Amino acid sequence: MAAQTPYEVLGLKPGASAAEIRKAYRKLAKEFHPDLNPGKPAAEARFKAVTGANDILSDPEKRARYDRGEIDETGAERPRYSYRPHAEGAQGRKYQPQGEMDIGDLDDLFAMFGRGGGRHSGRGDAGLNMPGPDRQFTLTIDFAVAATGGKQRLALSHGEWLDVTIPPGIDEGQVLRLRGKGGAGFGSGPPGDALIEVHIAPHPFFRREGNDIHLELPVSLAEAVLGARVAVPTVSGPVTMTIPKGSDTGTRLRLRGKGIHHRRHGHQETTGDQYVSLKVMIGASGDADLATFLEQWAKTHPSDPRHAMGGGPHPGSADKEAAS
Amino acid sequence: MIGRDELIRRFAELDGAELQRWIENRWVLPELADSQFRFHEVDIARVELILDIRREFAVDDEAMSLVLGLLDQLYSLRRQMRRLCDALESQPPDIRDAIRQALPKA
């Protein structure tokens, strides 16, 4: 039979208040006090027990420690029941999720590393079956291939070639994994994978932002002022675009749906746009007709494109400053 | 190995109805013999663990199921890990070396 708890000694329930403890202690201490019960060893023992119980329960800190199971009814430290050694010991098996885990779960662990474990390797089997190592490559592809997708050759080591399928809309630095194209496996283990880091070569006039393509398009003065229909390159071939009358350098036009067609697992298909920024090329050095026209035209059309910068036009002096 | 009453007396924080609920929730799995619960060391340690978690982290019943579920998975995984390590340990030295070499640096 286990020892009585301090609560039981005082005839109380575990949730008893401090006042109830005090009251119970005073009553029992009086009842079993050795001076009032001379020559009665049983009463003396009860008195000791009552005093011991009160020592613990009247001290809030000791009482809390007792309630937490940290000390026993005599106030002595109880050994801590650290759970881990029990959990990992033989008895802990019953707390394993979904009953006993077995060798199949070890396979699951190996599968986490991407290539499945040697399923029927068995216990004490002499052969070591391990997947081969992954091999790393880098591949630089054309801007257009990155945009529209396609195949690109990759030189593996020792004169071996691999045709890599590039998905449309691939990003700079994206890594493609080709299963089974890495190093050979050990024993009956499968080969590793080839990991190909893709870099996109810059294009002479296209620039990419996400799925959108940006292009600076040179136009002549006449095309900008009078408007025109011109051919514009896109990643999927040239298209005809209308330049509105009165366009200027920096005018931005959008070719809807002429960006990158992007398809990714778990994402909606999206298609970007191509943005065309116009750049007016005057190209009139030595054109006497235009110069003559502009001399007359400027007299009746004073304008200051630098107005926003705060300075006014300074004909003559500007030349001098630039030259000095 | 102790009975239900002794367990409750041992942890003043624990009351009988609560322990009953824990057993129904399968948080604690005592042995049932002659329609009496018998708590082994592991069960006592687990009761103490649950009490600790509840007190120190103010975890309610719903979150406790999650916490215990994760802990059990972790210990189960450690057990599997140990089996794997034992299997590796029983290999000849050259194979052990090869595996050590193949382990990527963490």
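See above for the structure.
Residues numbered from 1 in each chain as written. Chains lettered and ligands numbered in written order. Predicted model: local features only at pLDDT ≥ 70, side-chain atom pairs only at ≥ 80, totals over all residues. Heavy atoms only, no water.

Draft legend 1. Main features of empty space enclosed by the protein. Applying the stated rule across the entire model yields 1 cavity of 30 Å³ or more. Considering only enclosed or pocket space, the largest cavity measures out at about 40 Å³ in volume. If you trace the largest cavity, you find it lined by Tyr83, Ala87, Gly92, Tyr95 and Gln96 of chain A together with Arg46, Asp72, Tyr75, Ser76 and Arg79 of chain B. Where the lining of the largest cavity is concerned, the elements lending two or more residues are helix 5 (83–88) of chain A together with helix 4 (61–89) of chain B. Per-element tally for the lining of the largest cavity: the top contributor is helix 4 of chain B, with 4 residues. Here the lining of the largest cavity is composed, by residue class, of 4 nonpolar, 3 polar and 3 charged. (1 Å grid on protein atoms, 1.4 Å probe; cavity = no way out; pocket = protein on both sides within 12 Å on 5 of 7 lines; lining within 4 Å. Points joined across faces, edges and corners; volume = space filled by probe spheres on them. Helix = DSSP H or I, 4+ residues; strand = E, 2+ residues; numbered from the N terminus. Nonpolar A, V, L, I, M, F, W, Y, C, P; charged D, E, K, R; others polar.)

Draft legend 2. Up close: helix 4 (residues 60–67) of chain A. All names here are of chain A. Three or more residues of helix 4 are buried, namely Arg63, Tyr66 and Asp67. An end-on view of helix 4 places all buried positions within 100° of arc, on one side of the element. The backbone nitrogen of Glu61 lies 2.9 Å from a side-chain oxygen of the residue at the head of helix 4, namely Asp59. Positive backbone phi, at 80°, marks Gly69, one or two positions downstream of helix 4. (Buried < 20%, exposed > 50% of the residue type's maximum accessible area, 1.4 Å probe, protein only. Arc of directions from axis to C-beta. Polar contact = N/O pair within 3.5 Å; in protein donor to acceptor, adjacent residues only side chain to side chain.)

Draft legend 3. Seen up close, the layout of surface pockets. Residues and elements named next belong to chain A. Approximately 520 Å³ is the volume attributed to the second largest pocket. Taken together, 14 residues make up the lining of the second largest pocket; nearest its centre are Leu221, Phe293, Leu294, Trp297 and Ser303. When residues of the lining of the second largest pocket are assigned to their parent elements, the largest contribution, 5 residues, is made by helix 9 (residues 288–300). Of the residues that constitute the lining of the second largest pocket, the class distribution is 12 nonpolar, 2 polar and no charged.

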